[in-house]
Amino acid sequence: NFENYAAQSGRAVIHLDKRMYDRIENNIAQILMTGTYTSTNIGNTPVEIQAFPFTSYTPGTLFDNLSGSSPLQYIRKLVPKLELGRSVSFSKGFILCSKPTLNLVLNNTNANDFFGRRADYGATFNSVTDLNDFMASNDLPKFRTYDEGYYSDPPSGSPTFNRFLTNGKMVMVGVRTDGEQVGEDRITRAAQNEGSRADIWMSVEDKRQVDPFSVFIRQGHNGGAVPFYPEALTCINAAPSSSSEFS
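Because the structure is a prediction, the values reported are computed rather than measured.

S.K.: It is not clear to me how the layout of surface pockets should be interpreted in this structure. Could you clarify?
M.R.: Empty space among the atoms becomes apparent when a probe as large as a water molecule is rolled across them. Estimates place the volume of the largest pocket at around 1600 Å³. Forming the walls of the largest pocket are 39 residues, and the residues nearest its centre are Arg-19, Arg-23, Thr-40, Asn-41 and His-221. Of all the secondary structure elements, the ones that give two or more residues to the lining of the largest pocket are helix 1 (5–34), strand 1 (36–40), strand 2 (46–51), strand 6 (149–151), strand 9 (183–188), strand 11 (214–220) and strand 12 (222–227). In terms of residue count, helix 1 provides more of the lining of the largest pocket than any other element does, 10 residues in total. Residues belonging to the lining of the largest pocket are distributed by class as follows: 11 nonpolar, 20 polar and eight charged. By volume, the second largest pocket amounts to about 370 Å³. Around the second largest pocket, the lining comprises 19 residues; the ones closest to its centre are Ile-28, Ala-29, Leu-32, Leu-96 and Leu-233. Broken down by secondary-structure element, the contributors of at least two residues to the lining of the second largest pocket are helix 1, strand 4 (88–97), strand 9 and strand 12. If one sorts the elements of the lining of the second largest pocket by residue count, helix 1 sits on top with five residues.

S.K.: Which parts of the structure should I look at to understand the state of the cysteines?
M.R.: Cysteine pairs can be linked by a disulfide, which is a covalent bond between their two sulfur atoms. Counting across every chain of the model gives zero disulfides. Distance from the sulfur of Cys-97, which forms no disulfide, to the nearest cysteine sulfur (Cys-235) is 10 Å. For Cys-97, a relative accessible area of 0% puts it in the buried group.

Conventions we followed
- Residues numbered from 1 in each chain as written.
- Predicted model: local features only at pLDDT ≥ 70, side-chain atom pairs only at ≥ 80, totals over all residues.
- Heavy atoms only, no water.
- 1 Å grid on protein atoms, 1.4 Å probe; cavity = no way out; pocket = protein on both sides within 12 Å on 5 of 7 lines; lining within 4 Å.
- Points joined across faces, edges and corners; volume = space filled by probe spheres on them.
- Helix = DSSP H or I, 4+ residues; strand = E, 2+ residues; numbered from the N terminus.
- Nonpolar A, V, L, I, M, F, W, Y, C, P; charged D, E, K, R; others polar.
- Disulfide = S-S within 2.5 Å.
- Buried < 20%, exposed > 50% of the residue type's maximum accessible area, 1.4 Å probe, protein only.

What follows is the structure, given as structure tokens:
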């Protein structure tokens with residue numbers, strides 16, 4: 001049967017919603033990894049760049065050197081440094097990264113680091129649960145993995161999947177001691193809305209009565225991610241995204 005206008009429009013709105021939330025997640029991820037994000041127009045020209053006082057750290061021996069790196073020692077030394085003089089607990093927070101990045105820790109073969117630590121009954125860490133139990137018992141942040149992303153729109157050929165969190169990045173998220181939220185995404189005013197209110201805007205241009213017929217559905221919003229407490233966020237450059245460990 002011929003698909004009616006309502007069904008097609010409904011599918012378009014779902015698609016536009018997904019794209020909007022992908023954009024929001026990507027903005028947040030860029031801030032978490034780099035401390036900055038860039039807003040562009042439809043021609044991909046930057047119209048605004050936001051920068052925040054974030055810290056990032058790069059180990060002397062990167063974690064993709066499985067036999068020579070010391071992820072446990074590095075994180076153990078970094079946590080008290082980040083907490084000193086600040087109302088933030090990284091021990092009660094978490095480390096956010098992709099699964100391939102977490103595998104750098106699970107696959108570590110340094111006998112003086114994670115590989116040398118034993119779980120119950122003398123077994124090495126074989127799962128994220130085992131690893132996080134160990135992290136918690138040592139007053140260190142647990143690991144959380146996130147592998148969501150988006151497909152880029154190429155002019156031709158197969159689309160490329162892009163993770164929001166780049167392989168090789170470990171984002172350490174602390175918890176405020178007063179329970180305050182460390183940040184949020186904020187939608188600001190848009191001229192397309194009545195009274196220029198702060199909200200998502202949508203417009204429909206219906207040209208079904210002309211030849212050739214067409215329907216344009218547009219959606220957008222103004223705003224971006226707002227870190228309230230940048231000192232509660234930091235990034236470990238654990239490995240280059242081009243590492244052979246991610247191939």
